[in-house]
Amino acid sequence: MSRASKNGLTAGNSQPVKTLSKYATEFIATCARMASADPGFYLLCVVLLTQAVLLALGVLS
């Protein structure tokens, strides 16, 4: 029998915001690392980050 899921900091393993922010931070860090290694990737990373922000805000659907 499984425990009932709670909200907030006591939620155990079901913390989607924490997981999403972790992946977003890793994505941004990877883009920054790639952009600093080769200037040609800078524009690509800016476009990808802009697209990700617009998707998160719901502008693109």
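Preceding block: the structure.
Residues numbered from 1 in each chain as written. Predicted model: local features only at pLDDT ≥ 70, side-chain atom pairs only at ≥ 80, totals over all residues. Heavy atoms only, no water.

J.: Looking at this model, I keep getting lost on helix α2 (residues 40-57). Mind explaining?
T.: Along an α-helix, a turn takes 3.6 residues, which lines up residues three or four apart on a common side. With 18 residues, α2 should reach 26 Å at 1.5 Å per residue; the first-to-last C-alpha distance of 27 Å fits that figure. Looking at the residues trailing α2, positive phi occurs at G58, about 85°. (Helix = DSSP H or I, 4+ residues; strand = E, 2+ residues; numbered from the N terminus. Expected span 1.5 Å × (residues − 1).)

J.: Just to check I follow, could you spell out the environment of F27 for this structure?
T.: With respect to the element layout, F27 can be found in helix α1 (residues 16-37). Along the primary structure F27 and C45 are separated by 18 residues, whereas in three dimensions their C-alpha atoms are 9.8 Å apart. Look past the residues within four positions of F27 in its chain and what remains in contact with it is L48 and L49. (Contact = heavy atoms within 4.5 Å.)

J.: Mind showing me how you'd approach the packing of α1 against α2 here?
T.: Relative orientation and spacing of two packed helices are given, respectively, by the angle between their axes and the distance between those axes. Their axes nearest at 8 Å, the elements α1 and α2 cross at an angle of 160°. By the angle class used here, α1 and α2 are roughly antiparallel. For α1 against α2, the interelement crossing comes out left-handed. Taking contact as the criterion, the partners of F27, I28, C31, M34 and A35 in α1 are, on α2, F41, Y42, C45, L48 and L49. Here the contact of α1 with α2 is built from residues that sort into 10 nonpolar, no polar and no charged. (Axes fitted to C-alpha atoms, helices over the stretch in contact; angles between N-to-C directions. Parallel < 35°, antiparallel > 145°, perpendicular 65-115°, else oblique. Left-handed = near helix turned anticlockwise from the far one by under 90°. Nonpolar A, V, L, I, M, F, W, Y, C, P; charged D, E, K, R; others polar.)

J.: How should I be thinking about a nonpolar patch on the surface in this particular structure?
T.: On the surface, F27, I28, M34, F41, L44 and L48 cluster together into a nonpolar patch covering about 480 Å² of accessible area. Among the elements of the structure, α1 and α2 are those that each provide at least two residues to the nonpolar patch. Residue position: I28 is located in helix α1. (Patch = residues over 30% accessible without salt bridge, like charges linked within 9 Å, V, L, I, M, F, W, Y side chains within 5 Å. Areas by Shrake-Rupley, 256 points an atom, 1.4 Å probe, with all protein chains shown as cover. Salt bridge = Lys/Arg side-chain N within 4 Å of Asp/Glu carboxyl O.)

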